[in-house]
Amino acid sequence: MLGSPSSTQWETFSSGRMSACSPLEELHALHELHELHELAFIERPARRSLKTAEEIDQLTVDEDLNDIERAVYLLSVGQEVQRASVISNLPSLVRQSPAETFRRVVPKVREVLNGAGSEIQLAAAASFLTILQDDIILIHTHTFSILKTVLLHLNHRDTAVGNAWLEALLWAINALPRETIKQEVLNPLLFQSQLSHSLQARLASCRILGKVAHKFDTHMVKTELLPLARSLCQDRAFEVRGCMCRQLESISRATGVEDTRTELLPELVELARDEESSVRLAAFDTIINLMDMMGAEDRLHVVVPMVMSVCEVSLQADAGAMASLSFQFGKVCSGLAGSLSDEERARLLQRFKVLCVAGLQTEGSPAESTLVRCHCCYNLPAMVVFADSVHFLPELYPSFSSLCCDPQVSVRQSAAASFHQVVNLLGSDAQLVYKELVALLQDEALEVLDALVNHLEETLEAVLSRGENLVLDNKFPELLSALLLAEQKVGLSLRWRLHEKLLQRYSCLARLLPGKLLHQNFSLRIFTILTTNKVLPVQREAARTFCTFLRYNRKHEQRQEMMERLIQDLAQGRSYWNRLRFLDVCETASEIFSRKYFNKYFLIPALELVHDPVANVRYKLCQLLPRLRSSLRLPADKQLLQQLDFCVQKLLCREKDKDVVASIRKTVLELDKLDLAEPYVVSWQFHKRQERDLLDQKKEKEENLLLEMQQLERQQSEGKLNERKRRDSKTSLSICVSSPGATAASSGKETRKAKLSRSRSLSSQPTTSKAANSERPLKVKEPSSMSGPGKPPMSLIKDDPLRTAHFSTATQSTSSMPVLIRSNTISLLDRASTLDQRDHITSTLPHKTRQMDRRNNMMEQRTMDHRTSATDQRDHRTSTMDQRSKTMDRGCRVKDGQSRKLSINRKSNSFSVQSGRD
């Protein structure tokens, strides 16, 4: 191995080679010298570690020590970095063992803090503040120990360290008793507030006075704290005067209204005339905050002149005065609304208009002007109330429009945050801000859209529900286009949380937009997001929004189209990712739809995924099986339950993936718990299940009501078509006019139109139906021209109890719905006799059903005591339910025969009384 050349060797080599060489040889020699230098650097011994052996030994700690012992050891002999780490970890030690920590670790911390640097001091102050904020320790046990440490380092020479310990002290005051505060805090405070002490100590005294005021009674505050506060208000340092002025609000609320008026208000008025602008602004803010404690006379003679003077001062380009005035402007106008003259009111409105455009006239708007305009956006709702919404267009609309189109993003964001409040205050005049809403939706900055989306549902509801002429106006497509473009812009960005929130807000469009527009513009877009987006939270929110659109769509053809696409593209899709998404849709649909609708459209396609070749899909299905089982009710869903059991057996017998096997075994245990808990449910489970059943009944009634609305709309469209045909043919028109049935048909058509308009009003509140007067029967008057029993079709007989029960319970909250069902449509007139028979059956069935339910419940209560196994319990429950259904069928047949007899006897006197055998 070659050794590194010495300096003499370098000199000899260079002198020997450079003495008599040509320029080319000299260049080669220099190259060789460079290579030798690199060789010397490579062969130089490298240091293997950044720490020496002694330093490593000092940093090594025995692994057998527990946390408390390790902390004590490091605080005793560790380096400064280790001590700072232990002090920063002090809250965790207190959570684990508070007694041991305060007995062994905290005394060591006090020793370390004596003469420690700023880093350790700040770490200790932050740790003690965390302990006090989180209520980790018992207040009366260890807070006093913390208080001693805090007071010891409160007057640290470093201002940042002193402020950190002051924050810890202010939090400790909340937990300390009165006597401790009086002895340990107030007595030193009286001494530190003197002028001989430092500025930092006097500022700390001001903040402590404002903090302890609420801990004592009025007499104590008036006799001991108020004189000290007055002396600090007259301090020679303007920082102390301003700080004490801001603490007078808490002292005023502790003393009361009378003492505030006589003792503190003159002091505040004097501070409002201070030579320093910061003190004047502090006095202005304090007086505005105390307006609720002032009388009308004080507001008129004190507050109003001061506000007008501040407005004049802010006109002279005082940045601090403008910022403070713009922030307090809404509170000022609301508090002085009853004390202002018309001239003063107009002056305040004019001043607010000037603040809304502050800094826009000059190039390069400063930060202070931008802050002023943001404050104006914050105060917009209060100013709408102050100016009255009737005068919004001439007084405030130009300023509002300017703020919504401000060149600064922060101003537009503030305007978007308060947009919903302005819209709600405008009421029926919400269309005035339609243009600004579209502009904010199309804003380039996503921060603006994020602020608008937080209350987008409330904003759209106010604009669309009160803007009745928007559908006929050209502006309505512009709003739809803005909503779609906003979603596309967010979808192309990386802010998936905003995309998720936007899709969640779009679900309100199901009850605000017409079904045709919603299906054409939004349903397809939401479905595209569901099938193409790769972010799982966005997909799940898209699934929820899609199911919401599907549920409140009244067009059967559109619902069928959406379900077919859902099954074809997701449940039967080529990508396993889409099939996983279908299971997510099923999980969401079970919460939105009723059990009947879910079992009809979602359950079978979900169970068919048991044959899926991808293990992840089968694994997801196993997790979803308990939810699918909870949607089934015996004996109505007996066949679906058999298919679910077959699915479970297939997974148990043929599954080879170990994760799926483990999941299905866990799922079987959950299913067994559900089956065993069904026969005898404890009280809290019974009430919970009853609530779920009531909610499911409400969902089912709403779905049936939507179907009835669709039928009425179809009948109305058919009536309009027939009317046009009659108008085209004069012969048919004359026949219709001459016939006595034409009057009845036209009146029935007008009745259907009025009732259809009333039924549409129910769709705006789909979840407000009440189950009141559920046993009131529905009756349809039978025309005298109809004779004969007229046997109804089987489908009508089958669906009649459900329809009757639905309309007797779902629509009692509105008086128009019974008339809605008894509308004189052609189809109902053709089946009048059938409805009369079913009305009689329906009126007698609830009483009979209640008697049978009462009798069967008694039988079940008696037999439950003798049950010995879960299998016997389920069999007995099934048999009881089968017996109940047979009994109800016999009762229905008997009542059907009786109603047919009564109908025949009522319609024709020539019929004789039939025998009991007939």
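Computed from a prediction, not measured in an experiment: that's the story for all the values here.

Visitor: Just to check I follow, could you spell out the overall build of the chain for this structure?
Guide: On a plain count of helices and strands, the chain comes out with 47 helices and zero strands. A total of 918 residues make up the chain; the buried ones form 43% of that total. Sequence-distant contacts in the chain: of pairs separated by 6 or more residues, those separated by 24 or more amount to 72%. When the accessible surface of the chain is split by element, carbon and sulfur atoms take 53% of a total near 49,700 Å².

Visitor: Would you take a moment to explain the packing of helix α4 (residues 67-77) against helix α7 (residues 98-113) for this structure?
Guide: Helix packing for two helices is described by the angle between their axes and how far apart those axes are. Across the interface, α4 lies against α7 with an axial gap of 10 Å and an inter-helix angle of 15°. Viewed along their axes, α4 and α7 adopt a mutual orientation that is roughly parallel. By crossing handedness, the relation of α4 to α7 is classed as left-handed. Across from Ile68, Glu69, Ala71, Val72, Leu75 and Ser76 in α4, the residues of α7 making contact are Glu100, Thr101, Arg104, Val105, Lys108, Val109 and Val112. Residues belonging to the contact of α4 with α7 are distributed by class as follows: seven nonpolar, two polar and four charged.

Visitor: Even after reading the chapter, I still don't get the packing of aromatic side chains, so can you show me in this structure?
Guide: Using the criterion set out here, one finds 13 aromatic pairs in the structure. An angle of 40° between the planes, with centres 5.7 Å apart, marks the rings of Phe400 and Phe419 as tilted. Of this pair, Phe400 sits in helix α23 (residues 397-404) while Phe419 is found in helix α25 (residues 419-426), placing the two residues 19 residues apart along the sequence. Judged by relative accessible area, which is 0%, Phe400 ranks as buried. Ring geometry for Tyr506 against Phe522: centres 6.0 Å apart, planes inclined by 85°, an arrangement best described as edge-to-face. Within this pair, whereas Tyr506 is found in helix α30 (residues 496-506), its partner Phe522 is found in helix α31 (residues 515-532), the two being separated by 16 residues in sequence. As far as the burial class goes, Tyr506 and Phe522 line up, both buried. Put simply, the rings of Phe593, Tyr597, Phe598, Tyr601 and Phe602 touch in pairs and so form one group of aromatic residues.

Visitor: What am I meant to see in helix α21 (residues 380-387) here?
Guide: An α-helical segment advances 3.6 residues per turn. Residues three or four places apart therefore align on the same side. Counting buried residues along α21, six of its eight residues qualify, which places the element largely inside the surrounding structure. Of the positions making up α21, those classed as buried are Leu380, Pro381, Met383, Val384, Phe386 and Ala387. In this structure, the buried side of α21 is in contact with α18 (319-335), α19 (342-356), α20 (367-378), α22 (392-395), α23 and α25. Just downstream of α21, Asp388 is the residue with a positive phi angle, here 75°.

Visitor: Help me out: how do you make sense of the side chain of Ser339 in this one?
Guide: Relative to the elements of secondary structure, Ser339 occurs in the loop between α18 and α19. Setting aside anything within four residues of it in sequence, one finds Ser339 in contact with Ala296, Arg299, Leu300, Val304 and Glu344.

Visitor: Would you mind going over the pattern of salt bridges with me for this structure?
Guide: Close approach of charged atoms lets side chains of opposite charge pair. Per the counting criterion, the structure on display carries 29 salt bridges. The salt bridge involving Asp569 is made with Arg565; its shortest N-O contact spans 3.8 Å. Of this pair, Asp569 and Arg565 both sit in helix α33 (residues 556-571), separated by four residues, roughly a single helical turn. Residue classification places Arg565 among the partly exposed positions, given a relative accessible area of 33%. In this structure, the salt-bridge partner of Lys620 is Asp584, at a minimum N-O distance of 3.1 Å. Taken together, the residues Lys620 in helix α37 (residues 615-630) and Asp584 in helix α34 (residues 576-592) connect sequence positions 36 residues apart. Asp584 matches Lys620 in its accessibility class, with the two residues each being buried.

How each quantity is defined
- Residues numbered from 1 in each chain as written.
- Predicted model: local features only at pLDDT ≥ 70, side-chain atom pairs only at ≥ 80, totals over all residues.
- Heavy atoms only, no water.
- Helix = DSSP H or I, 4+ residues; strand = E, 2+ residues; numbered from the N terminus.
- Buried < 20%, exposed > 50% of the residue type's maximum accessible area, 1.4 Å probe, protein only.
- Contact = heavy atoms within 4.5 Å.
- Areas by Shrake-Rupley, 256 points an atom, 1.4 Å probe, with all protein chains shown as cover.
- Axes fitted to C-alpha atoms, helices over the stretch in contact; angles between N-to-C directions.
- Parallel < 35°, antiparallel > 145°, perpendicular 65-115°, else oblique.
- Left-handed = near helix turned anticlockwise from the far one by under 90°.
- Nonpolar A, V, L, I, M, F, W, Y, C, P; charged D, E, K, R; others polar.
- Phe/Tyr/Trp six-rings, centres within 6.5 Å; stacked < 30°, edge-to-face > 60°.
- Salt bridge = Lys/Arg side-chain N within 4 Å of Asp/Glu carboxyl O.

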